[in-house]
Amino acid sequence: MITKDQPLRGARSTASSRIIFYSYVLGVASMLAALYCSTVTIAGNDYQSVLRWGIGFAALSCGCFGVVVVRGSWSWRLAAIIWSMPLVYVVSETSRRGGF
């Protein structure tokens, strides 16, 4: 018999669910910002500063998605992995246009 004081098996605390959700939302937003920074066209051809911002946003996104992969359920993990895939495009555009 389960009483009110005993948590259900496999149940997550509310704080843990919030951390996963906020990490996922921040990861998606920063990945979209990274994609925008890597696809923007600048008239002055000074891409390096914008591409640095793109790589920074992509790194933030990977950190947030890492939290989701470590702490989330399989559906959160799958969504985080799918949203992490544009990182390949951001890195390839940075290496192609950046001239670092």
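In the block above lies the structure referred to throughout.
It should be emphasised that the depicted structure is a prediction, and the values quoted were computed from it without experimental measurement.

Visitor: Just give me the short version of the packing of aromatic side chains, but keep the residues and values in it.
Guide: On inspection of all chains with the given rule, the structure shows five aromatic pairs. Judged by centre distance (6.1 Å) and plane angle (55 degrees), the rings of Tyr-24 and Phe-65 are tilted. Of the two residues, Tyr-24 sits in helix H1 (residues 14–39) while Phe-65 sits in helix H2 (residues 48–71), which places them 41 residues apart along the sequence.

Visitor: Lay out the environment of Trp-83 in plain terms, naming residues and giving numbers.
Guide: Considering the arrangement of structural elements, one finds Trp-83 in helix H3 (residues 74–84). Setting aside residues no more than four positions away along its own chain, Trp-83 makes contact with Tyr-24, Val-28, Met-31, Leu-32 and Phe-65.

Visitor: Explain the nonpolar core residue by residue, including any values.
Guide: The biggest cluster of nonpolar side chains holds six residues, and these are Ile-20, Tyr-24, Val-28, Phe-65, Val-68 and Ala-80. Mapped by element, the contributors of at least two residues to this core are H1 and H2. Ranked by the residues each element gives to this core, the list is headed by H1, at three residues. The residues contacting Ala-80, other than those within four sequence positions of it, are Tyr-24, Phe-65, Val-68 and Val-69.

Visitor: Got a sec to walk through the environment of Ala-29? Specific residues and values, please.
Guide: Relative to the elements of secondary structure, Ala-29 occurs in helix H1. Along the primary structure Ala-29 and Phe-57 are separated by 28 residues, whereas in three dimensions their C-alpha atoms are 8.9 Å apart.

About the thresholds
Residues numbered from 1 in each chain as written. Predicted model: local features only at pLDDT ≥ 70, side-chain atom pairs only at ≥ 80, totals over all residues. Heavy atoms only, no water. Phe/Tyr/Trp six-rings, centres within 6.5 Å; stacked < 30°, edge-to-face > 60°. Helix = DSSP H or I, 4+ residues; strand = E, 2+ residues; numbered from the N terminus. Contact = heavy atoms within 4.5 Å. Core = buried A, V, L, I, M, F, W, Y, C linked by side-chain atoms within 4.5 Å. Buried < 20%, exposed > 50% of the residue type's maximum accessible area, 1.4 Å probe, protein only.

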